[in-house]
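Here's the letter readout for the chains.
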Amino acid sequence: MFGSSRQQRIWAEWRNGPGVLLRVAFSLLAPGCVSDGASGDEATQGSIFGGSLGGREGAAAGGAIEGGSEAGGGGESSLGGGASVRDTRCSGVPIGVELRIDDFEDGNAIPRPAPDRQSFWAIQHDDTEGRVAPDGNVTPVVGGANGTDYALHVSAEGYSEWGINVDAHLRTESGGLNCPYNASNTRGLGMYLKGSGQVRIGASTAAIVATEFGGTCDPETQVCWDAHLKLVPLTEDWTYREISWDSLSQAGWGEYVSFEPGQLTTVRWGALPEDLPLDVWVDEIRFLPLAEAPAGE
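Residues numbered from 1 in each chain as written. Predicted model: local features only at pLDDT ≥ 70, side-chain atom pairs only at ≥ 80, totals over all residues. Heavy atoms only, no water.

Student: So what about unusual backbone geometry? Which residues, and what values?
Tutor: Geometrically, the link from A133 to P134 is a cis peptide bond, its omega value of -5° lying close to zero. By the element assignment, P134 lies in the loop between β5 (130–133) and β6 (141–142). With omega at 5°, the peptide bond leading from L276 into P277 counts as cis. Position of P277 relative to the elements: it lies in the loop between β14 (264–271) and β15 (278–289). Not every positive phi belongs to a glycine, and N146 is a case in point at roughly 55°. Within the fold, N146 resides in the loop between β6 and β7 (150–158). Positive phi outside glycine occurs at W225, with the angle close to 85°. (Helix = DSSP H or I, 4+ residues; strand = E, 2+ residues; numbered from the N terminus.)

Student: I'd like to hear about the packing of aromatic side chains, residue by residue, with values.
Tutor: Per the counting criterion, the structure on display carries seven aromatic pairs. Geometrically, the ring pair formed by W121 and W269 is tilted, given 5.6 Å between the ring centres and 50° between the ring planes. Linking W121 in strand β4 (residues 118–125) with W269 in strand β14, this pair joins segments that are 148 residues apart in sequence. When its relative accessible area of 2% is taken as the criterion, W121 is described as buried. Put simply, the rings of Y181, W245, F259 and F287 pair up and form one aromatic cluster. Just above the ring of Y181 sits the side chain of R117; from NZ or CZ to the centre is 5.7 Å. For the cation-ring pair, K194 lies above W281, with the distance from its terminal atom to the ring centre recorded as 4.8 Å. (Phe/Tyr/Trp six-rings, centres within 6.5 Å; stacked < 30°, edge-to-face > 60°. Buried < 20%, exposed > 50% of the residue type's maximum accessible area, 1.4 Å probe, protein only. Lys NZ or Arg CZ within 6 Å of the ring centre and 35° of its normal.)

Student: Lay out the state of the cysteines in plain terms, naming residues and giving numbers.
Tutor: Counted by the stated rule, this structure contains one disulfide. Residue pairing for C217: its cysteine sulfur links by disulfide to C224, the two sulfurs lying 2.2 Å apart. Classification of the bridge connecting C217 and C224 rests on its S-S torsion, roughly -95°, and on that basis the disulfide is left-handed. On the accessibility criterion, C224 (1% relative accessible area) is buried. (Disulfide = S-S within 2.5 Å.)

Right under this line is the structure:
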């Protein structure tokens, strides 16, 4: 988890000079509608993705009740402090052109670079007793699908409040703002999976993110953070799976919103307490285009 001192250090580094590495660091903190000209103090007024990487405090911010127990969406991402996505300046975000999200072959915690997308991986879990490996930062490991070198491998057990999330946080810089990623030219996610147990796969959009973190969900009148997910059982061998946007659904404890792929804030692999223990391998993750190109193209 990123503590407040690290938040401030990265913001200070970004503020003191532009550049590729500094903008990657910036993406770790606020992939939402935040002006690039915001000062460090202004930027850190909104907590990182709804809390400590959007986990525990994000859950509290949701304040939702699921089955009689508190469940705040399990660490939903926010869009950072600053301008809300209600800001019309985020309405003209160009459609993303890079379909590949990550194949982990570069061995780092940053999804595949794309000129229209800034993103990073993060693992969050609740504060109850449990174990997750890796804890905090995504670390690709040897043994990818289809003979590739690397994949993402996460195992977890315990965690009795809302469980764990593995998120690819997404944003697009547009008009000097950091806005939700526009994947409106896609129909879902494709990936290779293996492991034991079951995992909840899906995505989150600005409509479930609280306004104080840059989304469009008003926590004064709505219950935020209820992401769109699909429960997927895992198999022992690598299996290619396609998860269509129209197969996703909210748990039902939060405000009902339609799923808008043009307003993505995260792509998610998660596990509720009842899904644990979990051992999941993921590789070759990509967005599915609305229409696949003919063979040979």
